[in-house]
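What follows is the residue order along each chain.
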Amino acid sequence: MATKLSADIAQKVDITARKNDSFYLEITLSNSDGTVYDIVSISGDDYVAYMEVYNANDEMVLGFNSLSSNWGTGYVASQIITVVGSTAVLTINSPATNMTLRVGSYKYKLYVTESTDSQTNTVMYGKFKVIDL
């Protein structure tokens with residue numbers, strides 16, 4: 001008999017980025033059996049992706065999303081994340097002008113959401129370390 005159950009699909013992945021450099025990350029989401037993770041809504045639209053970076057006080061200091069316009073306080077750039085739902089590929093491609101965080105350690109989460117079917121899933125989280133020189 002199972003004594004522990006986890007519905008958490010998120011993977012812990014620590015990221016190191018260089019201050020004032022461009023930031024590029026491509027992620028393919030898959031199920032444990034290797035099949036494509038479903039990030040297409042029941043209406044046929046791709047999910048929206050968000051990457052949020054937080055300081056030690058849990059204040060968002062950097063935010064990217066795949067929306068066509070800015071959304072919410074703390075988001076510095078929209079259309080930085082590309083979502084291809086049919087292949088479950090998320091691509092974060094930020095110019096250096098967005099990567100002006102102070103050197104140090106932060107925490108982040110990357111999640112996908114779809115309002116039509118009320119699905120939100122964190123897919124990655126961890127430490128976001130910013131280095132210089």
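Residues numbered from 1 in each chain as written. Predicted model: local features only at pLDDT ≥ 70, side-chain atom pairs only at ≥ 80, totals over all residues. Heavy atoms only, no water.

Draft legend 1. Expanded view of the pattern of salt bridges. Throughout the structure, instances matching the rule amount to 4 salt bridges. Asp21 is the partner of Arg18 in a salt bridge, and the nearest nitrogen-oxygen pair spans 4.0 Å. One salt bridge connects Lys107 with Asp58, and the closest N-O pair in it is separated by 2.5 Å. Highlighted residues: Lys107 in strand 8 (residues 104–114) and Asp58 in the loop between strand 4 (48–54) and strand 5 (60–65), separated in sequence by 49 residues. According to the relative accessible area criterion, Lys107 is partly exposed, its value standing at 38%. (Salt bridge = Lys/Arg side-chain N within 4 Å of Asp/Glu carboxyl O. Helix = DSSP H or I, 4+ residues; strand = E, 2+ residues; numbered from the N terminus. Buried < 20%, exposed > 50% of the residue type's maximum accessible area, 1.4 Å probe, protein only.)

Draft legend 2. Here's a closer look at the pairing of strand 2 (residues 15–18). Along strand 2, the buried face is formed by Ile15 and Ala17; none of Thr16 and Arg18, which line the opposite face, is buried. Sheet topology places strand 2 next to strand 9 (residues 119–131); 4 bridges connect them, and they run parallel. Looking at the pairing, Thr16 lines up with Lys129 of strand 9. (Pairing = 2+ DSSP bridges.)

Draft legend 3. Quick peek at the packing of aromatic side chains. Under the criterion given, the structure shown has 3 aromatic pairs. Ring geometry for Tyr108 versus Phe128: centroids 6.4 Å apart, planes at 65 degrees, classification edge-to-face. Residue Tyr108 is found in strand 8, and its partner Phe128 is found in strand 9; the two are separated by 20 residues along the sequence. Of the two residues, Tyr108 and Phe128, both sit in the buried class. Joined through ring pairs, the aromatic side chains of Phe23, Tyr108 and Phe128 make up one cluster. (Phe/Tyr/Trp six-rings, centres within 6.5 Å; stacked < 30°, edge-to-face > 60°.)

Draft legend 4. Representation of the sheet that holds strand 3 (residues 23–28) in the model. With respect to topology, 3 strands assemble into an open sheet ordered 3-7-6, the strand pairing being antiparallel. For this open sheet the edge positions go to strand 3 and strand 6 (81–84), each flanked by a neighbour on one side alone. Recorded for the sheet is a direction-independent mean angle of 10 degrees between the axes of neighbouring strands. In this sheet, strand 7 (residues 89–94) lies alongside strand 3 in antiparallel orientation, the contact comprising 6 bridges. Bridging across to strand 7, Ile27 finds its partner in Leu90. (Axes fitted to C-alpha atoms, helices over the stretch in contact; angles between N-to-C directions.)

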